[in-house]
Structures are given as structure tokens and as C-alpha cells.
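Read off the chains here:
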Amino acid sequence: MEAPATTATLHESCIADVDAPTFDADWQRRAFGVAVALSEFGHYPWDAFQQQLIVAIRDWESVPASGQGTWQYYDHWLAALERVLVSHGLVAEDELRALLGE
Amino acid sequence: MQFGYPENREAASAARVRALEALLIEKGVITGATVDKVLGYFETDMTPLNGAKIVARAWTDPEFAERLVKDTPAAVAELDLPIGMDGAEGEHLQAVANTRGVHNLVICTLCSCFPWPVLGLPPYWYKDPTFRARAAREPRVVLKEIGLDLDPSVELRVWDSSGHSRWFVVPQRPAGTDGMSEEELAALVTTESMIGIAEVPAPAA
């Protein structure tokens, strides 16, 4: 994995951030809840989701910075959720494509 | 973005999540109430208050502190916490204790594993690709930038979380806290200190 340039700095508000909201938007909260709930109720082991999340993030990080677009953690979360739903037979690939209007 | 969806990325993601949840409900895989229940559990029961209570107990009971690093889930189960330890990755909890000569830092380079039952959900910067990469590569520099200037004599240990080990730090008890109750001590413990990017400050005199 190619690391970002060393000149990059952290957010200034990186510390003392205890009260910061965890989710910026309700869709992030729902995506989180759906992924965790499905695992909690045994539809897939958490590891399976996590592996897909690692892959989604790695894919983003392997693209040159100019083509990456803004970092949005929950977009990767959502991509991981879609992949794990298909790999565990909870949603068929064509259902997912129809859903995404592809 | 996909054809037929708003161009705005935020709106597109929101629409995707709504459609996905609706499809799962329609197929009978899940109900909206189930998702609400899981979220409620995360938002009210699994918070850094749990971690703070564990740390305060470790500060006041050296034998507990020893058990805590040896078998974290078992030691945590001794406390009366609102934690479902069999779910939400609680079985993978691993505590590491700071000492005068050793400072511990928890990161997750691959995604953003976090010890949810004891620290709640991670702050946004913990998930940031810059933080994840730099904290692994040059942790001392990163700590200094965010205000923790470790003495060169202090050994820095970096723990990379995974699905099988969700690390959290037992920070050092600050000076000036003799005679404080466990409850008062717990109120001093911050999330940052349990990730290892800060120390617990001494209480204001």
C-alpha cells in the first residue's frame, strides 16, 4: 500500500474531540446499523464484512491522489456492505444492480 | 455516480443506503426496528464511560489491573457494565497498560477496528487515511504534533488492531489523585487517553 506524502498533516482538531458527532449524516448511521445488525443476527461473521471494508479502502488508497476524490469513510463502508450482501447470498447481484440503477 | 441517481455524492450515498435497507426489509432479512435497536445499543450502552470505569478500577485495584491485561474479556466481565460481551467484538478486547517507561498507542492501519464495547465508536480522525498511515510510520512525530511529546527514554509500542485484537490503553494514573474515589477517577479518563494519543491530565488543584 502506497502511503500518503509525509507532508500531510492531521486535522487540527485531532485531539479533544470527545464530543464530536460520530456520524455526519443519517445515511452513515443507517449504513453502520444495517451492517452491524446483520452480523449480530448471524447473517455473516463480522470478519467477512471487515475484509470487504479493508479491500474497499485499499482500492481507494491505491489510486493516485489526483484521482481519489474526497475521503469519505462511509462510502467505503457502504461498498463493503454491498459486497458482503452479495457474497453471502442476502442480495443477488442483479438485484443490487437494479437498485443502483445500473 | 450511477445513472438515475442525484449527482451530489452525499445524496447518492444516502439514496443507496435507503434503497438497500428497504430491499433487505422487503426480502425479510431484517426489520427497521432491528437496526434501530442495534444503533440504540451502540449509542447508549457502548460508550467511553465503560472504558473509563475499567481504567479507574485498574488504578485502584492492582490485582484487577494484572488480570485486565492477562485476560481482558474475563476481567471486564467482573465489572457491572452494560456491555454485551459476547457480541460487538467484545470477545476480542485486549488491554495494554502504560507505565513510566512504556507508552502504548492503538491504531488500525487497514480499516478502523475499534474496541466498541469499551470506547464506543471511533472519532472521525481515527478513520482518516492520513492518521492511519502516519501513526504507523512515524508515531512519535504524530504524537508530538497532537500534543504528546514523549521523553526519548520512553518506549513507544504501537498496536495495530484487527478483527481478532481490539486494543485499548490503560493510561497512567495522574499525580494529585490520591484519595479520589473510583467514580471521581473515572471522570478524569478521556477517550484520547485510552487510544494512547494523550495522557490523563492531573486534576485541576
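Residues numbered from 1 in each chain as written. Chains lettered and ligands numbered in written order. Predicted model: local features only at pLDDT ≥ 70, side-chain atom pairs only at ≥ 80, totals over all residues. Heavy atoms only, no water.

Q: Honestly, the overall build of chain A in this entry has me stumped. Any pointers?
A: Regarding its fold elements, chain A presents four helices and zero strands. Helices (α) and strands (β) of chain A occur, in sequence order from the N terminus, as α-α-α-α. Scored against the burial criterion, the 102 residues of chain A give a buried share of 48%. Pairs at least 24 apart in sequence give 59% of the contacts found in chain A among residues at least 6 apart. (Helix = DSSP H or I, 4+ residues; strand = E, 2+ residues; numbered from the N terminus. Buried < 20%, exposed > 50% of the residue type's maximum accessible area, 1.4 Å probe, protein only. Contact = heavy atoms within 4.5 Å.)

Q: It is not clear to me how the overall build of chain B should be interpreted in this structure. Could you clarify?
A: Scanning chain B from N- to C-terminus turns up eleven helices and four strands. Principal-axis analysis of the C-alpha atoms places the extent of chain B at approximately 60 × 40 × 35 Å. When burial is assessed residue by residue, chain B has 56% of its 205 residues classed as buried. Within chain B, contacts between residues separated by at least 24 positions form 66% of all contacts whose residues are at least 6 apart in sequence. Of the roughly 9200 Å² of accessible surface on chain B, a fraction of 53% belongs to carbon and sulfur atoms. In chain B, 19 side chains carry a positive charge and 29 a negative one; their mean positions are 5 Å apart. (Areas by Shrake-Rupley, 256 points an atom, 1.4 Å probe, with all protein chains shown as cover. Lys, Arg positive; Asp, Glu negative; His and termini not counted. Charge placed at Lys NZ, Arg CZ, Asp CG, Glu CD.)

Q: For this particular structure, what's the right way to read the confidence of the model for chain B?
A: Low pLDDT marks stretches whose predicted atomic positions should not be read closely. Residues and elements named next belong to chain B. Chain-level statistics for chain B give a pLDDT mean of 88 and a share of 92% at 70 or above. Ranking the elements of chain B by mean pLDDT puts helix H7 (residues 124-127) last with 82 and helix H4 (residues 62-70) first with 97. Predicted confidence is poor over residues 1-6, with pLDDT under 50, and the contacts of this stretch with residues over four places away or in other chains come to 17 contacts. (pLDDT = per-residue confidence, 0-100.)

Q: What exactly am I supposed to notice about the packing of helix H1 (residues 26-40) of chain A against helix H2 (residues 32-44) of chain B here?
A: Helix packing for two helices is described by the angle between their axes and how far apart those axes are. Two numbers describe how H1 of chain A lies on H2 of chain B: the axes approach to 9 Å, and their chain directions differ by 100 degrees. Between H1 of chain A and H2 of chain B, the interaxial angle falls into the category roughly perpendicular. Residue-level inspection shows Arg29, Arg30, Phe32, Gly33, Val34, Val36 and Ala37 of chain A of H1 of chain A in contact with H2 of chain B, the latter providing Gly32, Thr34, Val35, Asp36, Val38, Leu39, Phe42 and Glu43 of chain B. When grouped by side-chain class, the residues that make up the contact of H1 of chain A with H2 of chain B number eight nonpolar, three polar and four charged. (Axes fitted to C-alpha atoms, helices over the stretch in contact; angles between N-to-C directions. Parallel < 35°, antiparallel > 145°, perpendicular 65-115°, else oblique. Nonpolar A, V, L, I, M, F, W, Y, C, P; charged D, E, K, R; others polar.)

Q: How should the nonpolar core be read in this particular structure?
A: Across soluble globular proteins, nonpolar side chains show a tendency to be buried alongside one another. Phe32, Phe49, Trp77 and Leu81 of chain A together with Leu68 of chain B are the most contacted members of the largest nonpolar core, which has 94 residues in total. Apart from the residues lying within four places of it in its own chain, the contact partners of Leu81 of chain A are Ala31, Val34, Ala35, Leu38, Tyr44 and Phe49 of chain A together with Leu20 of chain B. (Core = buried A, V, L, I, M, F, W, Y, C linked by side-chain atoms within 4.5 Å.)

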